[in-house]
Structure formats: C-alpha cells, structure tokens
Amino acid sequence: MTPQSRLSTFFLLFIITTSYISGENAIADDKLLIGDVEAGRLIYMQGHSASNYPIQAITSQDVKVSGSGFACVNCHRPSGMGSSEGGKYVLPVTGPILFAPRELNRNRIFSKLFHEIRSPEFVTRMRQARMRPAYTLDTLATAIRDGIDPAGYSFDPIMPRYDMSDGDMANLIAYLKSLSIKHDVGIDSKTAHFATIINDSTDPVARDAVLRTIQGYFDRFNLSIANDRSKGNFSPNYHSDFLETYREWKLHVWTLHGPPDTWKEQLMRFYEIQPVFAVAGGLINGSWSPVAQFCDKERIPCLFPNTELPKTADAENAYSFYFTRGLELEAEVLSIYLEKQLSPPQRIVQISFADPYGEIPANVFTKAVNRWISGSQLESVSVSNTATFIEEINRINTHHRGIDALVIWPGEHVSDVITVLQKLPPKIDVVTMPSNALEAWRKQRTQADYEHFLFSYPYELPTAYHPRAYMVHAWMRSNHIEVTHPTLQFQTYYMLTLLDYGMRNLRGDFYRDYLSEIIEGEAESNLNNGTHPTLGLGPGQRFASKGGYVVVPDTKIGIRSVSKWIIP
Amino acid sequence: MGKKMVANVMFLQKLWCIRLAVILVAAISIILTGSAIASDHASTQEKNRSDTFKKVANTPNSANRYKITNTHYPIPPANFISNKGQHVKIDELLSSPRPVMLQFIYTTCTTICPVLSATFSQAQDRLNKIDENFLLISVSIDPEHDNVQKISDYAKRHNATHNWIFLTGDNDATRKLLKAFDVLYPGSNKMNHQSTIFLRMRPDAPWRRIEGFLSADELIAEFTELITPVKVTY
C-alpha cells in the first residue's frame, strides 16, 4: 500500500467514524423501535415496569401519583379506544390511530357530539378540531413524558406526565402498536354474529319467551338498517353517514345438553363452527360459571343472561355482565333483614337442598350470619329429596320452641317444597324463601294467609312507576310478541337495547373490549324498563343491580314489601 | 526522456496532492456540516425542549382551569355511613366548626375521581400544618356499589389519615346531597359527573365552590386564603 493510499484509507475511516458519532442521536431513537409487548402490557394495564416497580407520574400539575391507580388503562380503557367522563374526553391510543395524522372524522366522535348528554365545556372541547401529524416514536415519547402532542398542543393537566425510562417507553409503545389493530372475529363486512345460550333443562315455555323476544328484536333491527340502506343519501339523524358501519345481525341459538361440566366443551365446538362477536343473553338452568369461563377464555362479552347463579368470584373486569348476584345476593339480603328484625340472640334453622340452587345460597347465608348477626345460633341442614325435607319439617314442628326463623333454600324442588309447606305449615314465626319460590307459592296458595312467609326479591316492586315499561309493552304488542314471562322478557329487552346502543356506537371500530366499555358507561342511562329499581354499571363493574327487598305475597297487588331496598 | 519522466512523476505526485487536498477539504466540510447538523439538531432539540417547558408552563392558568363561586348551600338531613362503619348524619357533620373540604367520587371511577382524591391525599400533610382541625370528606355518588368495604379500600388506596372521612349512603340520601350542592349530573348517569370541590371555613360561612381541577399547591392556597382572617385596615 502506498503512503498516499494509506492516507486515503485513514481519511475514509475518519469520515466514517465521525459520521457514526454524529449519528448517535439516530441510534438513540432506534432504541425506541425495539420493545417487549408483554412488558408494555404490564405498564399499560398495571402501571408497573418490567422490573415490577410502579411507574411515577405527575398529574394536575403537581400531584405525584404512581402505579395501578394511574395506569394508562384507567382512562384509555382495555381497548385503547379512550373514554369520556365528567367533561373530559380521553383520546384513543391504539397504534393505528396514533401513528396516523388526525383527520376531521366526525363519525369517530359522533356519539359523543350528538348522542350523549354532556356539559357545555365538554361539547366545546369536542368541537375544537385539533389536528396533529402522525406521531413518531420520538413525539409519542414526548407526549407521554411531557404532555405535548406533535402539533405543539399541551394535553389537559389531568393527563399524567409519566417519568419513564427509554426501555419502559419502548415497551409501552410496542404494546400500543399491538393494541386493537384488527377487528375481533364474529363480524365481517356484512354480518355481525351473536349467540344466545340456553340449556335443555330450562322451562320450555320460558325459553320460548326469551327466544322470541331476542329474535323479534333482531328482526326489527335488521329491518331498520335495511330501511336506512334503501334510502341512499337521505339522512335522517345522520344515519347515511354510518351506512358502512352497519351490519346485519344474525342470531345463533347455542343449546347446551347434559351436565354443566360438559358445557365448556360444547361451547367451544359451537364457537369453532361460527365465532360470534358477543353473547346476547340467554336462559340457563344451573350455574353460569362454565359459560363465564368460556367467555373469559375467548374474551367475548356475554351480556346479561337470565341466571340465578352467576359467576361471582373474580367477576370485576371479566367478560360476563349480569343483572344481579342472583341467589347469593338474596341470601345476604335475607340475613341483613333478619339481623334488623329479630332481637338477639337469634336461633335460626336453615334447610337447603343438595344442589347448586340450594347449596350456594346456603353457604353465603352462613357466612353472612357469622359476619352480620352477632351472637346468633345457626343450624344448617342439607336435604337431598322431598322425603328428608318432610322429616326435617316434622322435626322442627316437634321442637319449634326457641327457633326464631326458618330459612329454606328449595333448590330445584320449589314446587314440591311449596306443596309440603302447604300441608305441614312450620310452627315458626318467620319462614324465608328465595324469590324463585314466589311464583309457585302464589299459584298453589289461593289466599295469602301466612304473613310470616317472607321472600327475598331482587327486583322492582309491581307498584313502582317506570315510564319505559309502557314503551316496551307497546313494542312487544306491535311486534306480536306475547308477554308470558315479564321479568325474563323485559330483562332480555334491556340487554338487547344495550347491545344495540353499544354496536351502533362502535361506529365501525369492531373491538369486543370497546363494546364492553360502551356498555359499562351506558347501562345507567335511562334504559331501565322497570325490572329493577335502578340499573347501572361503572368501569369494571359487572352487576347492574345491587340490592333486594323482602316481600310477602299480597292478594291485591301480588307482593308487598316489608323492608326497604337492602344493599349488602 | 529522463526530464519528461521526472516531469510525469512530479505531475502524478501533484495529482495525488490535489486528490488528497480535495478529500481533506471534503472531509472537513462533511465533518463541519455534520457537526453543524448535529449542533443544529441539538439546538433544535434544545429549542423544542425549551418550547416544551414553555408550553407546559403555558397550560391554562388557574383562572381558566377552574372557576370559583361562593354560595350558601342549605344541607338537608340525610344518613350516610363512613368508611369506618359509623352512621353519620350529613347535616350534623357539615355543621361542624372545623374547616371542611368536600368532594364527590365513586370507587370505580377511572378518570376524574382518582385525580381529585390524589390531590386531597397529597395536600393532607400540609393542611395539617396549617390547621390540624381540617376535615376532608369524600362522598360516593355510586352508593349501591360503594359499600363500606369499598370506600374503606378506596381510603386506604389514597393513604387517608384520620382527618379524611369517606361516606356512602342510599340513592335517596346521595341524590339529596347532590341536589343540595347543585351537582346533579345530566342523564342521571354518574359517568357525566363533574369535578367540583367545596370548601368552607365555618358552618355559617358560604361554601367556596371550585369547578375544575386545581393542583395541590392551589388547593392549599385556596384553603389558606379561606381560613386566614381578613385584615381590616382603617
């Protein structure tokens, strides 16, 4: 190599090296390109870094916060599609939305602009069209750390400014990029598939009542979108703006056979044949738990089934939504009532049938008595059939002195139990039963002559006034749907109106979590048609009604409340 | 011939010198340009950074972020239960001579309430130094869900000290109180509730109604101003 060529090589290396050094910033930016999605999910959902320390942040200018209470998911929600609460509009943060310029798209904010009741401050904010270019990795990091968007706008002070390392930032951004990137299954360009779940041991008449209500609503819904589509550009209430987001609803009735431990497998088979976007209620005789496990596994919103045995453990943020906690709630309501009515010390005898409808509330009642009724003496007896139940009633009638209350959980033997009680009235001042025995009691006893027979009742009283009940009755009449089971059918109608509202307000963003989030927010808004005194949810909540009455049968008005609305 | 060869060699050497000079100039200019770009980039970053801080500092001032009005609110009789399980008559509690700050929250609220409660939480110690008799009250607007256990857990989450009480009631009592403080939310849906804090010095004094969000410093300042006797000069 000549001296000249050595010199040239030196200069070339020098140039390359200096170029490398001056490009240090670019390499620092590249660090943001690599992130771990699972570690990012931990930050988004729990506010914890991969090394499990809580992420620190400042909100409202100087308020130091950290950890799960201020994790991204709280405001931006599991779908990442954002939320709106208390006059604050929380923007979506999914990858496809962040890494594209914001456009003037009225459809995305339509429901917030026109359908929801909002404060003037909120409406004003919504109408301020703040455009921004697409986020880059750098500008997104700046937004998360400093609260400045790429157009230079400062976020609202309540958006926390997060103190995050480059590594945590890369992880979080990797997760955001993976969030709600493609529509969930069960929906295509024309059809949204829904299932309703029933099992073969339910009362066929009740089952038909539920199914004809659902099918009637589906038919009506499909008719309404066909009507909108037939009118082209005619746009009453802006409907034509959303024609592309309309999907025809198709109902699949999934009928489960045999014992509950085989249901999950049966559901998986149904789901493999036709995935559904959501489960629209249903009617189950038995525990909803196997179905709930299926819903959680497949991440399918399962909306308001008619069940007395919901899955109450780990229900928050799960995928099943319920009206109440069912018989567990009734057991707690009765225990609170007895605690207030009977003078201590109390002696209570509890008889329960050995099936889920008997055992589950009996166990909850036992715990509730131990928790709330101090100094009480509870004797629990489990019976397996009507003969042993008769033996127990005879035993109690022989040794009834000193017993203050008899609590009966008739399980799946409601009719037999009522017949026995009619023939062998217990010589106890207070006898309680759950609401599922009320109808049989009223049918078999022509006179309400036993004031001491009390029923827990987690529904609205017949004398209460709910204007929407009249509207639903009229809807049923006009659609030739006979109302044979008002509670079941009205509950089903409520579920359908929420599903309808939720699907319309997805506005083409067909993500199941987003549907759940819309339903959480909307459950409280004037859709209650009189089945319960109040219905409402909140973020993560899964039981829309939380209390119950204690009632006695009444010949004139059906039932009469002997308690206030009791919320355990 | 020999002179010609020497001349050729000299010419080639000159050519290499020219080449080297060109490379040198190019290299220097690239380095200079590079460092200029880097420096420009750095100064842009610096500029952005200073803009950033400027913009953060330029977030709407207190006058824009929250609104203050002073009003008397007659408190109706209504029963609540505290996070300690004690029964509380709200009209009696609010006739306490202690300086009071009150907010409405619910425990599953995700956007507004955590910030409101975090502000109270951060202010506690400093309020204690200003007037140890202060009383913070958080009332649930979701009474059916927020039982004693839930509000108690919420209190722990926000490190509430003995001067901070959390209340839940029934729907009627809650609605009465919301109506009394003129904070009923539209659509009867708690998701539409607004961020409002109420402060008052004495039972006979008007309530200072603060709508919007204020920082912990601003909350302390409002509280301090409220409890500081007005100096009358003649």
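In this text the structure is predicted, and so the values were computed from the model without any measurement. Residue positions within a chain follow its written sequence, with the count starting from 1. Chains carry letters from A onward and ligands carry numbers from 1 onward, assigned in written order. Predicted model: local features are reported for residues with pLDDT of at least 70 only, side-chain atom pairs are reported and counted for 80 or more only, and whole-chain, interface and lining totals are derived from all residues. The side-chain values count all of the structure's non-hydrogen atoms but skip hydrogen atoms and water molecules.

A.B. asks: Requested: an account of the overall build of chain A, with residues and values cited.
C.D. replies: Helix and strand assignments follow DSSP, with helices taken as H or I runs no shorter than four residues and strands as E runs no shorter than two, numbered in order from the N terminus. Secondary structure summary: chain A contains 20 helices and 17 strands in total. Residue burial is assigned from relative accessible area. The probe radius is 1.4 Å, only protein chains are included, and a residue is buried under 20% of its type maximum, exposed over 50%, and partly exposed in between. Here chain A holds 568 residues, and 55% of them are scored as buried. The contact definition used throughout considers only heavy atoms, calling two residues in contact when any of these lie within 4.5 Å. Sequence separation of 24 or more characterises 67% of the internal contacts of chain A that already satisfy a separation of 6 or more. Roughly 24,800 Å² of accessible area belongs to chain A as shown, and the carbon and sulfur atoms make up 53% of that amount. A 1.4 Å probe and the Shrake-Rupley method give the accessible areas. Residues count as covered only by the protein chains that appear here.

A.B. asks: Residues and numbers for the sheet that holds strand S9 (residues 302–303) of chain A, please.
C.D. replies: All names here are of chain A. The pairing criterion is simple: DSSP has to find at least two bridges between the two strands. On the basis of which strands lie adjacent, the open sheet formed by 5 strands has the order S7-S6-S8-S9-S10 and parallel pairing. Lying at the two open borders of the sheet, with one neighbouring strand each, are strand S7 (248–256) and strand S10 (320–321). With 2 bridges joining them, S9 and S10 adopt parallel strand pairing. Residue pairing in the sheet places Leu303 in a bridge with Phe321 of S10. Across the face of the sheet, helix H10 (residues 204–230) comes into contact with strand S6 (191–199), S7 and strand S8 (278–283) while running at roughly 165 degrees to S7. Convention adopted: a line fitted to C-alpha atoms gives each axis, helices being fitted over their contacting stretch, and angles between N-to-C directions are expressed from 0 to 180 degrees.

A.B. asks: I'd like a rundown of the state of the cysteines, residues and numbers included.
C.D. replies: The disulfide definition used here is simple: a pair of cysteine sulfur atoms within 2.5 Å. Throughout the structure, instances matching the rule amount to 2 disulfides over all chains. Disulfide partner of A:Cys295: A:Cys302, at an S-S distance of 2.0 Å. Across the S-S bond of A:Cys295 and A:Cys302 the torsion is about -95 degrees, and the bridge reads as left-handed. A:Cys302 shares its class with A:Cys295; the two are buried. A disulfide bridge connects B:Cys109 with B:Cys113, and the sulfur atoms are separated by 2.5 Å. Given an S-S torsion of about 90 degrees, the disulfide between B:Cys109 and B:Cys113 has right-handed geometry. Exposure class is identical for B:Cys109 and B:Cys113. Each is buried. The thiol of A:Cys72 is not disulfide-bonded; the next cysteine sulfur, from A:Cys75, is found 9.2 Å away.

A.B. asks: An account of the nonpolar core is requested, with residue identities and associated values reported.
C.D. replies: The term nonpolar core refers to a set of buried residues drawn from Ala, Val, Leu, Ile, Met, Phe, Trp, Tyr and Cys, joined through side-chain atoms within 4.5 Å. Core analysis: the biggest nonpolar cluster contains 84 residues, and A:Tyr44, B:Leu102, B:Phe104, B:Ile137, B:Leu167 and B:Phe181 have the highest contact counts within it. Top element by residues in this core is helix H4 (residues 113–130) of chain B. It accounts for 7 residues. Look past the residues within four positions of B:Leu102 in its chain and what remains in contact with it is B:Leu94, B:Phe120, B:Ile137, B:Val139, B:Phe181, B:Thr196, B:Ile197, B:Phe198 and B:Trp207. Core analysis: the next-biggest nonpolar cluster, separate from the first, contains 53 residues, A:Ala192, A:Phe194, A:Ala206 and A:Phe277 among them.

A.B. asks: Got a sec to walk through unusual backbone geometry? Specific residues and values, please.
C.D. replies: Outside of glycine, negative phi angles account for most residues, and trans bonds account for most peptide bonds. Although it is not a glycine, A:Ser180 sits at a positive phi angle of roughly 45 degrees. Mapping A:Ser180 onto the fold places it in the loop between helix H9 (166–178) and S6. You can call A:Ser180 buried: its relative accessible area is 14%. For B:Asp182, which is not a glycine, the phi torsion comes out positive at approximately 55 degrees.

A.B. asks: Give me helix H16 (residues 414–423) of chain A: which residues, what numbers.
C.D. replies: Since the α-helix turns once every 3.6 residues, residues separated by three or four places project in the same direction. Here H16(A) has its buried residues at A:Val414, A:Val417, A:Ile418, A:Val420 and A:Leu421. Seen along its axis, H16(A) keeps its buried residues to an arc of 160 degrees; they face one direction. Our arc is simply the arc of the directions from the helix axis toward the C-beta atoms.

A.B. asks: Break down the pairing of strand S11 (residues 347–353) of chain A for me, citing the residues and quoting the values.
C.D. replies: Residue and element names in this part refer to chain A. The element S11 is largely enclosed, with a buried count of 6 among its 7 residues. With the strands pointing away from the viewer, any crossover whose connection runs clockwise from the first strand over the helix to the second is right-handed. Crossover connection from S11 via helix H14 (residues 356–372) to parallel strand S12 (residues 377–383): handedness right-handed. The pairing of S11 with strand S13 (residues 405–409) spans 5 bridges and is classified as parallel. Counted as the bridge partner of Ile348 is Ala405 from S13.

A.B. asks: Residue-level account of the pattern of salt bridges, with values.
C.D. replies: Between side chains of opposite charge, pairing is possible as soon as their charged atoms come close. Whenever a carboxyl oxygen of Asp or Glu lies within 4 Å of a side-chain nitrogen of Lys or Arg, that contact is scored as a salt bridge. The tally for this structure, following the rule as stated, stands at 23 salt bridges over all chains. The shortest N-O distance in the salt bridge between A:Glu392 and A:Arg395 comes to 2.8 Å. Linking A:Glu392 with A:Arg395, this pair stays in helix H15 (residues 386–398), spanning 3 residues, or about one helical turn. A relative accessible area of 33% places A:Arg395 in the partly exposed class. With a closest N to O distance of 3.9 Å, B:Lys190 and B:Asp142 form a salt bridge. With B:Lys190 in the loop between helix H6 (171–180) and strand S7 (196–200) and B:Asp142 in the loop between strand S5 (135–140) and helix H5 (148–157), this pair connects stretches of sequence that are 48 residues apart. Across the pair, B:Asp142 and B:Lys190 agree in class, each one buried. Among the charged side chains, a network of salt bridges with common partners joins A:Arg347, A:Glu379, A:Glu392 and A:Arg395.

A.B. asks: Can you break down the sheet that holds S5(B) residue by residue, with the values?
C.D. replies: Sheet strands associate in pairs through backbone hydrogen bonding, adopting either a parallel or an antiparallel arrangement. Residue and element names in this part refer to chain B. In space, the 8 strands of this open sheet follow the order S1-S8-S7-S4-S5-S6-S2-S3, with mixed pairing throughout. Every other strand in the sheet has two partners, leaving strand S1 (66–71) and strand S3 (87–89) as the edge strands with one partner each. Neighbouring strand axes in the sheet, compared pairwise and without regard to direction, differ in orientation by 30 degrees on average. This element, H4, spans strand S4 (100–105), S5, strand S6 (164–168) and S7 of the sheet and lies at about 160 degrees to S4.

A.B. asks: Now, about the packing of helix H3 (residues 37–46) of chain A against H9(A): what can you tell me, with residues and values included?
C.D. replies: All names here are of chain A. One way to put it is that H3 packs onto H9 with a least axis distance of 7 Å and a crossing angle of 90 degrees. Considered as vectors, H3 and H9 are oriented roughly perpendicular to each other. Along its contact with H3, which presents Val37, Ala39, Gly40, Arg41, Ile43, Tyr44 and Met45, the element H9 presents Asp168, Asn171, Leu172, Ala174, Tyr175, Leu176 and Ser178. The residue classification treats Ala, Val, Leu, Ile, Met, Phe, Trp, Tyr, Cys and Pro as nonpolar and Asp, Glu, Lys and Arg as charged. All others, Gly included, are polar. Looking at the contact of H3 with H9 residue by residue, the classes come out as 9 nonpolar, 3 polar and 2 charged. These descriptions rest on fixed angle ranges, namely under 35 degrees for roughly parallel, over 145 for roughly antiparallel, 65 to 115 for roughly perpendicular, and the rest for oblique.

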